[in-house]
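The chain contents come next:
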Amino acid sequence: MLRLRKYLIIILILFLSYLVVYGAVDFQSADSDYASMVDSADFTLGTSFTLMAWIKTSDSQGEIIANFESGAPYQGFSWAIGASLNDGKQELYCADTLVGGFDKDDGNAVNTGSWIHLAVTRNGSDITWYQNGVQSATDTTTNQTCGDSSDAPNLARDTNSSPTRYLNGTIDELRIYKQVLTAAQIASAMNQRGEGNENTDLVLYYRSDEKSGVSLIDFTQRGNTATLQNSPTFVDSSPVTGLE
C-alpha cells in the first residue's frame, strides 16, 4: 500500500508539472520595448562560447542581445536578426580594440512568425549555427575576440542610441555559455527548462516565467537580472514544457 501510494504521488507530480503554463517575454518595437542589463565580465565572451534562445518574430531586423560599445572601436558582441542587412537572418557580431570586428550570418531567414530555437557557437575561428537543434551553417573568421564592452548590454535593442534596432518579437529561454556546446548538448537543452546550475560555464539564463513585474531573473545566480523598459509583457506562451 505504501509503495502504491508513492507511485501515485510521483505520477501526480509528473502530471501537474505538465499542467504548469510557462511563459516568455514579448517585445514590441513600435513601443520601444526592451530590457536593460547590468555590465558584467560574464559578457566578455572571448573566442569560445554558445548563445541560444527560443525566438518568435516576423521582424527582418532586431537585436536579441547586444553588448558592444556605442563608439569606436565598438568592442563587444551582438546576436541579432538581420542587424546589418535587414534580411531576417541570424547574425553574430564581435569586435575588440586591436583588430576590429566581424559580422557573420547563417544565410537562412529565421523571421517566420513561429517559434524557432536559435543557437550559435564560436570555437576560435570556427562559427557554427543551429536552428531547432540542427546545424544549419558553418563559417570561419579571423581570431577577433568578442571584447570587453564598457557599455551595459540590452535585450531586444541595440546599445547604440541610433540605430536602436528594437526587436518586435518574443524571447524565451535565453542562455549564454562560456563554453562551446556540442550539437547533442544544444538539442537536449532546447527542449528542457533548467535550474541554472547544470553547467558551471552557464553565465546567463533567463527562463522568462515571471508572469508579472519588471524583472527578468538570471537563474544562474550570477546576478545578471534584467529590467524591463517601456512595458514589455510576459505571455503564457512557451515552446518548452519539460524540466531538466
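For the structure itself, look to the data block above.
Notes on the structure follow.

The rules behind each value
Residues numbered from 1 in each chain as written. Predicted model: local features only at pLDDT ≥ 70, side-chain atom pairs only at ≥ 80, totals over all residues. Heavy atoms only, no water. Helix = DSSP H or I, 4+ residues; strand = E, 2+ residues; numbered from the N terminus. Buried < 20%, exposed > 50% of the residue type's maximum accessible area, 1.4 Å probe, protein only. Areas by Shrake-Rupley, 256 points an atom, 1.4 Å probe, with all protein chains shown as cover. Core = buried A, V, L, I, M, F, W, Y, C linked by side-chain atoms within 4.5 Å. Contact = heavy atoms within 4.5 Å. Phe/Tyr/Trp six-rings, centres within 6.5 Å; stacked < 30°, edge-to-face > 60°. Polar contact = N/O pair within 3.5 Å; in protein donor to acceptor, adjacent residues only side chain to side chain. Pairing = 2+ DSSP bridges. Salt bridge = Lys/Arg side-chain N within 4 Å of Asp/Glu carboxyl O.

As a further point, take the overall build of the protein chain. Looking only at helices and strands, the protein chain has two helices and 18 strands in total. For the protein chain, the proportion of its 244 residues judged to be buried stands at 49%. As presented, the protein chain carries roughly 10,600 Å² of accessible surface, and 51% of it is formed by carbon and sulfur atoms.

What follows deals with the nonpolar core. Membership of the largest hydrophobic core comes to 39 residues, with the highest contact counts inside it found for Leu 155 and Leu 174. Take this core: its biggest share by element is four residues, from strand S3 (residues 48–57). Discounting residues that sit within four places of it in the chain, Leu 155 has contacts with Phe 27, Tyr 34, Ala 35, Met 37, Ile 64, Ile 65, Ile 171, Leu 174, Tyr 206 and Leu 216. If you look at the next biggest cluster of nonpolar residues, it comprises nine residues, including Met 52, Tyr 177, Leu 181 and Ala 189.

Before going further, it helps to examine the packing of aromatic side chains. Each aromatic ring pair is characterised by the separation of its centres together with the angle its planes make. Counted according to the given criterion, the structure contains three aromatic pairs. Aromatic pair Tyr 34 and Tyr 166: ring centres 6.2 Å apart, planes at 55 degrees, arrangement tilted. Within this pair, whereas Tyr 34 is found in strand S2 (residues 34–36), its partner Tyr 166 is found in the loop between strand S11 (154–155) and strand S12 (169–177), the two being separated by 132 residues in sequence. Like Tyr 34, the residue Tyr 166 is buried in the burial classification.

Once that is clear, we can look at unusual backbone geometry. Its identity as a non-glycine residue notwithstanding, Asn 86 has a phi of 55 degrees, on the positive side. Positionally, Asn 86 belongs in the loop between strand S5 (76–81) and strand S6 (89–96). Accessibility expressed as a relative area gives 43% for Asn 86, which makes it partly exposed. Notably, Asn 230 is not glycine yet its phi reads approximately 65 degrees, a positive angle. With respect to the helices and strands, Asn 230 occurs in the loop between strand S16 (226–229) and strand S17 (233–235).

Take Gln 131: it is sitting in strand S9 (residues 126–131). Gln 131 sits in the buried class, given a relative accessible area of 17%. Polar side-chain contacts of Gln 131 include one of 3.0 Å to the side chain of Asp 106. If near-sequence neighbours (up to four positions away) are discounted, Gln 131 is found in contact with Asp 106, Asn 108, Val 110, Ile 116, His 117, Leu 118 and Ser 136.

Two faces belong to every sheet, and in a regular strand the side chains alternate between them. Residues Ala 226 and Leu 228 line the buried face of S16, whereas the alternating positions Thr 227 and Gln 229 sit on a face that is not buried. Taken together, the three bridges between S2 and S16 define a ladder with antiparallel strand orientation. Residue pairing in the sheet places Ser 36 in a bridge with Thr 227 of S16. In this structure, strand S15 (residues 215–216) lies alongside S16, joined through two bridges in antiparallel fashion.

Where charged atoms from two side chains of opposite charge approach closely, those side chains can pair. According to the stated counting rule, one finds eleven salt bridges in the structure shown. The salt bridge partner of Asp 42 is Arg 222, with a shortest N-O separation of 2.7 Å. Taken together, the residues Asp 42 in the loop between S2 and S3 and Arg 222 in the loop between S15 and S16 connect sequence positions 180 residues apart. A relative accessible area of 40% places Arg 222 in the partly exposed class.

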